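# Working through the structure, step by step
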Amino acid sequence: MLVAGIKSRPVYGGLNVDTHAKRHLFALEGEGALALMDQVKAVGPDFLEHSDILYVAAASAAHEHDKALAKLGADTLWVAPTIPVLLNRLNVMLGQAHMGTHIYLSGTEGFIGQAQQVAMNHGVDPASLHKEHRGSTARRVQCVHCKGITDNVTTSPYTCSACGLPLLVRDHYSRRLGAFQGVNIDAEEPGTAPKPQELFP
Amino acid sequence: MNIKFKTESFRNDYTFKNSAEAIRRFPFPFNEDKYMYSVNMEPHVPAGPPGHAYNKPIDVDEHYVAEMHDRAMVLKEDPLRYQALPHMMAAQWDTLELLMEAQAAGYPEHFTLERNGGQWRWINRPMGIDQTFTFGDASTLPMEPLEFITRQAQGDFVIVDQRDGQLWCDAGMVTTQADWSLDFDIGMNFHEWHGPVPLAHEIGVFDRALKFLLNLQQGKPVRRLNWTMTINPRLDTSPENYHKWGPDRATVTPENVGNKVHLRCELQSLWRLPRSNAILFVIRCYLIKMEELVTVPKWARRFHRVLRDLPPELVDYKGLTRYRPATVGWLSRFDDGQPTSPGIYPE
Amino acid sequence: MTINTEMKVRVAKVTQVADKVKRFRFERVDGEPMPVFSGGAHVIVSMRDGKALRRNPYSLMSSPEDTKGYEISVLRVENSRGGSAFLHETLKEGDELVLSQPVNLFPFDQRAKKHIMMAGGIGITPFLAMMDQMEREGKNFELHYAVRTRTHGAYWKDLQQRYGAHRVKVYCDAENLFIPVEKILANQPLGTHLYVCGPAGMINGVLGKARDMGWPKQNLHSEEFLAPPPGKAFQVKLAKSSRAIDVAPHQSILEALEANGVDAPYLCRGGACGQCETGVVSCDGALEHNDHFLEPDDKASGRKIMICVSRIKGNEVTLDL
């Protein structure tokens, strides 16, 4: 199957802090912390007193970005142990948020996709979210056959963590699932799958 | 006109066949001897010789009962083939009304719709359904309105919501698809949803189609034909089951082309819905075996030429690579090089 | 082949509902049902006024589920180009007109957690149909309605009666009451959408405040039908058919084409939908873009024009028609 030229890869426009916002809510993962720091450098620190920051270090724990975030002096900062725990808190906070609150997501694509889904459930149009990709380009991929999700996929093909089929990672992304699509690569002649190539380090 | 509904299968023993009349009414998708993408939309008005698939706005044919049976089996295995995002309820009712009215008006001997204010009664004789319900009250139907009616209408159905100058694929019943997943694509916009289609983006087909559809008017549905090929008469060529039907592609030999290789045509019609301002996208699939196709000499000549000269990207995207040579070879026996007449109908 | 879906209708009833506002009810001459529509939709009303054929867009205000007839409300405007004057002074019960199918360029967002509508004067009309539909569908909504005086404002009493004063708030200029936009927008739940219909100044003012308060543009909606502004006469040349057609000072290009038997596509006739976008081959003066549709780049390029509301300052323009 040919994958060149496929169009639906998400475009991340950058965090671009909106100074009209009444309140800023940041959900950041791993290297996504640096996207916020870059915003402070770009537009100054004034917005921080109206900002809530949720952070999860994930694969970046060694870089201690949480310490750097704490130094920013935002109105609130909360460091979550895991991504699901962060998403739970984001969900509750959005349920209490008002129009005029801007939502900023940064980190790996898999994280952005999941956080975006939480926001969409609160009636937020994904186009009104501020998003910036940072960190690993590893993908979160859904097996189209068994629907199992595999996180941190760096190769194509890869082996589905749920059903074991060798899957080609298509550049076809579902914002609802926050995942790329994996399709069995050797369906027509089982056993002929090529060797995995490291494509998304 | 009483349709004689056939008992046949689209899986396992594959007993699907077209009658001689069904062959003549097939919506052959090529109006010339070559093929490339285009925004080939035309008003969806009754057209074609008597009996043709274009005669009625919602077409019901001899495969109706068997196709609905196949859909029920697909849904039993995989309920995710039917999905609707929560904001699409008004569009669901719009679709139910459209399909019930069109089927009852087109085939009164098989379907009846009685409307008494908000109290409706729907009778589907071929399927033995007699349902009374309150229009607008989903609790008076055994399932959501879109699922209820699309279990009783041939073709796949997608409802696109219109917002911010884009169309969003936000609901659908998809069990007879040419290799795309509703579960994956639901929520995507028009460009994203068609993302994997090669070449067409570059020549602006989707930009033009989107612009056209955004201004689609109530009362003025449009249609277009699309096509691919399928090995064995399998309706459910979903990506979900690709590992099950994909191996079939390697089973084509010069001897079995006539019975195994099928041209798969999609008659797509698009309707602006009244209450929701959404657009209903009907993707009706018709299958025809090569040995059935060549009984119409014009189609045999033309399809041979189209398939022989198809751009390589399309051969790849449509998944024809493995069996195209055998099929072109087989079809060449029916192409004497004579010119073909314009248009899609048999001579 | 095209389908003609226009509907021949008879004026079933004319009602004076407020100072300078009349309501017209139309029913089909052939007795067929009207199509159901979505709240916010408009129709184009074609009126034969002596020699002139007028086609104006009006928002539908009747219940979208009422298939026996459509209703519009029309404000009699000073300096009318003729449409509102004709409807108010000439048209009477029993007269016949032609309506287009409904077209919705102002739909509400079905995903919204809450809908807030702000109307100024006759801008109330699309909201009447919208609220009827929202009520039926169980949506969470409120209306803020600005009127000049209580007698100028149409329907406010009926609306308060039907939906309750907690959901329908009226602000009267004459009583020095104005829509407290900032207060209303300050504490709305996430997922709220705002809809504005009224004079251009009001729309711009409200939307500007909303943006200043951090509301994203995806949650802001407005509708304003532009009447084609008058200007100086000029000539249109049609490149494909080699014809020359004069456009009078009070005529739009589209109207001039139609008066000369040239059919051009249109849906809104108010510079919003994009359907009448036409290529400009050449122009000896400046294009005067009056539409809401073309992007600034397109306007600056000088190669496109929306012929329903835009014209030229000059003598002659050649269109790709």
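Up top is the structure.
### Focus: the overall build of chain A
Helices and strands together make up the secondary structure of chain A, namely 4 helices and 12 strands. Relative to a compact globule of 201 residues, whose C-alpha radius of gyration would be 17 Å, chain A shows 18 Å and is just as compact. Per-residue burial for chain A yields a buried fraction of 47% across its 201 residues. Look at the contacts in chain A between residues 6 or more apart in sequence, and 68% of them connect residues 24 or more apart.

### Re the sheet that holds strand E10 (residues 192-197) of chain C
Residue and element names in this part refer to chain C. With respect to topology, 5 strands assemble into an open sheet ordered E9-E8-E7-E10-E11, the strand pairing being parallel. With partners counted over all chains shown, the strands left at the sheet margins are strand E9 (168-172) and strand E11 (220-223), one partner each. Across the sheet, the axes of successive neighbouring strands diverge by a mean angle of 15°, strand direction being ignored. Bridge analysis of strand E7 (residues 114-120) against strand E8 (residues 141-147) gives 6 bridges, and the strand direction is parallel. Note on E8: the bridge partner recorded for Ala 119 is Tyr 145. The strands that helix H5 (residues 200-212) touches are E7, E10 and E11; relative to E10, the one it contacts most, it runs at about 160°.

### Side note on the interface of chain B and chain A
Taken together, the 24 residues of chain B in the interface contact 22 residues of chain A. Mapped by element, the contributors of at least two residues to the side of chain B that touches chain A are helix H5 (182-185), helix H6 (190-193), helix H8 (242-245) and helix H12 (312-317) of chain B. Among the residues making up the side of chain B that touches chain A, the classes are represented as 10 nonpolar, 7 polar and 7 charged.

### A short note on the interface of chain B and chain C
Each side of the interface is counted separately: chain B has 17 residues, and chain C has 24 residues. Of the residues that constitute the side of chain B that touches chain C, the class distribution is 4 nonpolar, 8 polar and 5 charged.

### What to know about the pairing of strand E4 (residues 119-124) of chain B
Residues and elements named next belong to chain B. With burial as the criterion, only one face of E4 is covered, namely that bearing Trp 120, Trp 122 and Asn 124; the residues Gln 119, Arg 121 and Ile 123 on the opposite face remain uncovered. By the bridge criterion, 6 bridges tie strand E3 (residues 111-116) to E4 in an arrangement that is antiparallel. Bridge pairing in E4 places Glu 114 opposite Arg 121. Connecting E3 to the next strand, E4, in antiparallel fashion are 2 residues, including Gly 117 with a positive phi near 60°. Examined bridge by bridge, E4 and strand E5 (residues 129-134) share 6 bridges and lie antiparallel to one another. In the sheet register, Asn 124 faces E5, and the bridge partner there is Ile 129. Between E4 and E5, which pair antiparallel and follow one another directly, the connecting turn spans 4 residues, one of which, Gly 128, has a positive phi of 65°.

Reading the values: rules and limits
Residues numbered from 1 in each chain as written. Chains lettered and ligands numbered in written order. Predicted model: local features only at pLDDT ≥ 70, side-chain atom pairs only at ≥ 80, totals over all residues. Helix = DSSP H or I, 4+ residues; strand = E, 2+ residues; numbered from the N terminus. Rg over C-alpha atoms; globule rule 2.2 N^0.38 Å. Buried ≥ 20, exposed ≤ 12 C-beta atoms within 10 Å, placed from the backbone. Contact = placed C-beta atoms within 7 Å. Pairing = 2+ DSSP bridges. Axes fitted to C-alpha atoms, helices over the stretch in contact; angles between N-to-C directions. Nonpolar A, V, L, I, M, F, W, Y, C, P; charged D, E, K, R; others polar.

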